[in-house]
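Spelled out from the first residue to the last, the chains are:
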Amino acid sequence: MASFMDTVDEEEYVMWSAQRQREAYGDEPPFRTLAPNLPSCPIRVPTYETDVLRGTWSMLTDEEKRLFSEKYGCLFDLIDVPFPGVMMRELLKYWDPQFHCFTINDIDISPLAEEYGSILRLRDLPLGKVYTTQSRPKVKKSLSRILGVTKDKLKGQIQIGTTGEYLPIRYLLGYIRNRCTTCHGRVSALALILYGVVLYPSAIHFISENAIRAFVADYHRANPTYAILAEIFVALDSCYQLAEETLYGSASLLVTWIFGHLKPSPELGIPNVRYSKCFHGSTSTIAEFIQAGGGYENATPSQWERYFSMFEESKLHWKAPWMTNMNVLYRCGDNPWVPLLGPRGCAAYAPTMFRRQMGCLQFIPDTKGIGEANGNHKTKIEAALMSWEKARRIDCTLSCTDPRDIHDRVTDDYPEWQEVRGSRRSTRFPRGGRKRRMAASSSRDVGVSIEEYDELKGKFEDLQIESHKLRGQLKAKEGQLSLAEADNRDLNKIIKKLEKDGPRHKGAVESQRDEIRRLGAQVGMLQEKVREYEERTSALEREVQERRADESDIHTVVQAMGRMKKIIEKGHVFWQRTSNTTWG
């Protein structure tokens, strides 16, 4: 477990960071020029049928839903967040893979682990416990205990892929609906599905090995926000540098975070969310964002390009309305930044670059060696784990200010530092004016006006979006077709087995039928005997009743004879007495 500093003096920390920056780099900040290799179409994300997940959620009892919320917060709400692939493609131009932030003109902004924790409403997070890699047998053993299944059954369901092992989602759905009998098992199985669909997506209809590893680590009290943030940073790096068209990370959480910092824009469909209900506990931050709607996913590429090219602080909320946790992790060990560890390696970022998101004074951050920490090499991961043994945080409530004054809370030398950094980045991204000049030059060469050129460009972008949607639908159909083919293969195996065992089964059926007929005949004979016995019993009952009647008559005669005998005896005694008297 890491040890933390409770508080840090604000002014002392400002001077310490500026001195460290000057000692490391002198007066000129270090910026590497990384050439982008962006995808040519809108960014997409792996998706799964949300209706199936909603149906599974509705099957849980109120107690199970309460247990899920206590353990995993508002994770389930992320399935309904619309993903704007067009906007993400334009925003990706401003991604900085060295510092893991979006640098839009002279504005640096990045997701913070504390912001992700506030969005998901995760309480009592262990600040110093991070994701660590475990061996496959140990992960499988832990997962079988969490789900409440035997290790052999779980091993029989795991499939081997090109990039690791996968667990079918339909197995977990069937386990929740039919086989699981405990609340803990059903809640854990649904959470594992959401880890594979929302937080660590990979192949459609399957949960990747990375998602399973992260789920097991978080179950054993690792702080999930660090690994989630590392995963989205690595995914954005892949899209920026390798032209990856699919964002394999927590895209829904990233979208919720982005629009929490953007001010409303009816033209682009950016919703006006007040985030008032989430503080009263009546609804979650994510649910309130979804209810606001807005239609931001329908804006065109040209609209987003114009929006970001003219982006300024007046369009930005520095401090997100839902940000409540002010104890911010800012450094680990001797590093003036934080190495985030996830299933795909290490991704470092410097929270001191984004202090205005915390409501604090912004100064020149110390970023010495931050670019060298990124990657999945064993030595980098071991160094990051060692640095987490001395993780430190700062209590921003000591220096937070009115959100309206945050843009003025910068040191005197920060604007110059930011200007130098922006000029270095401008070599990588042609600005809007240069694009317009290039467009005007091209239009003169082909003999069309700039308006016609813009119109044709808009139509071309619309066709690209439509093509992207069709490709996504085609991939979804291909996934469904592959599942249907797998089911068809299973059915063919069953049919072949039945055909092979048919004659043997047919003989067995005939012998069973003969046995049934023989037993039926025996049953008929027994029924006849039962009827005979019933008739004999009835005759015996009648005879017994007649004999009982005769016995009653005999008893009456005997009683009468007894009375006559007494009368005779009395008469004999009287006669004797009379005779003795007469003769005497």
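Below or above, wherever it landed, is the structure these notes cover. (Residues numbered from 1 in each chain as written. Predicted model: local features only at pLDDT ≥ 70, side-chain atom pairs only at ≥ 80, totals over all residues. Heavy atoms only, no water.)

### Re the sheet that holds strand S4 (residues 159-161)
Using the following cut-off: Strand pairing is defined by DSSP finding a minimum of two bridges between the two strands. Working definition: helices are DSSP H or I runs of at least four residues, strands are E runs of at least two. Numbering for both runs from the N terminus. Think of each axis as a best-fit line through the C-alpha atoms, taken over the contacting stretch in the case of a helix, with angles from 0 to 180 degrees between the N-to-C directions. Should any heavy atoms of two residues lie within 4.5 Å, those residues are considered in contact.
With respect to topology, 3 strands assemble into an open sheet ordered S4-S5-S6, the strand pairing being antiparallel. The open sheet has two free edges, formed respectively by S4 and strand S6 (206-208), since each of these has just one partner strand. Sheet twist, expressed as the mean angle between neighbouring strand axes with direction ignored, is 40°. Here 3 bridges tie S4 to strand S5 (residues 164-168), and the two strands are oriented antiparallel to one another. Within S5, the residue paired with Gly161 across the bridge is Gly164. Strands in contact with helix H10 (residues 209-219) are S5 and S6; relative to S6, the strand with the most contacts, it is inclined by about 65°.

### Regarding helix H6 (residues 136-147)
A turn of α-helix holds 3.6 residues, and therefore any two residues three or four places apart point the same way. Put simply, the rule is: Expected helix span is computed as 1.5 Å times (number of residues minus one). Only protein chains enter the accessibility calculation, which uses a 1.4 Å probe; a residue whose area is less than 20% of its type maximum is buried, one above 50% is exposed, and one in between is partly exposed.
Under the 1.5 Å per step criterion, the end-to-end length of H6 is 16 Å for 12 residues, consistent within 8% with the ideal 16 Å. When H6 is considered as a whole, its buried residues turn out to be Val139, Lys140, Ser142, Leu143, Ser144, Ile146 and Leu147. The elements touched by buried residues of H6 are helix H7 (151-157), S5, helix H8 (169-179), helix H9 (183-199) and H10. Following H6 by one or two positions, Gly148 has its phi on the positive side, about 80°.

### With respect to the nonpolar core
Note the following rule: In plain words, nonpolar cores are sets of buried Ala, Val, Leu, Ile, Met, Phe, Trp, Tyr and Cys residues tied together by side-chain atoms within 4.5 Å.
Counting 134 residues, the largest nonpolar core has Phe68 and Trp304 as its most contacted members. When residues of this core are assigned to their parent elements, the largest contribution, 12 residues, is made by helix H11 (residues 224-242). With residues up to four places along the chain from it excluded, the contact list for Phe68 reads Trp57, Gly73, Leu75, Phe76, Val187, Leu190, Ala191 and Leu194.

### Concerning the pattern of salt bridges
If the charged atoms of two oppositely charged side chains come close together, the side chains can form a pair. Quick reminder of the rule: Between Lys or Arg on one side and Asp or Glu on the other, a salt bridge is scored when a side-chain nitrogen of the former is within 4 Å of a carboxyl oxygen of the latter.
Counted by the stated rule, this structure contains 18 salt bridges. In this structure, Lys93 and Glu90 form a salt bridge, with 2.9 Å as the shortest nitrogen-oxygen distance. In this structure, Lys93 and Glu90 share a single accessibility class: buried. A salt bridge links Glu231 to Arg344, with the nearest nitrogen and oxygen atoms 3.0 Å apart. Of this pair, Glu231 sits in helix H11 while Arg344 sits in the loop between strand S8 (338-342) and strand S9 (345-349), and the two are 113 residues apart along the sequence. On the accessibility criterion, Arg344 (27% relative accessible area) is partly exposed.

### Observations regarding the packing of aromatic side chains
Filter applied, for reference: Stacked, tilted and edge-to-face are the three classes applied to pairs of Phe, Tyr and Trp rings, where Trp contributes its six-membered ring and a pair requires centres within 6.5 Å; stacked means planes under 30 degrees apart, edge-to-face means over 60, and tilted covers the rest. A positively charged side chain is recorded as over a ring if its NZ (Lys) or CZ (Arg) lies within 6 Å of the ring centre. The angle to the ring normal must also be within 35 degrees.
Scanning all chains against the criterion turns up 23 aromatic pairs. Taken together, a centroid distance of 6.4 Å and an interplanar angle of 80° make the contact between Tyr72 and Tyr195 edge-to-face. In this pair, Tyr72 is assigned in helix H3 (residues 62-72) and Tyr195 in helix H9, connecting sequence segments 123 residues apart. In this structure Tyr72 comes out as buried when scored by relative accessible area, which is 7%. Tyr195 sits in the buried class, given a relative accessible area of 4%. Through successive ring pairs, a cluster of aromatic residues spans Trp57, Phe68, Tyr72, Phe76, Tyr195, Tyr200 and Phe215. In this arrangement the basic side chain of Lys71 is found over the ring face of Tyr219, its NZ or CZ atom lying 4.9 Å from the centre.

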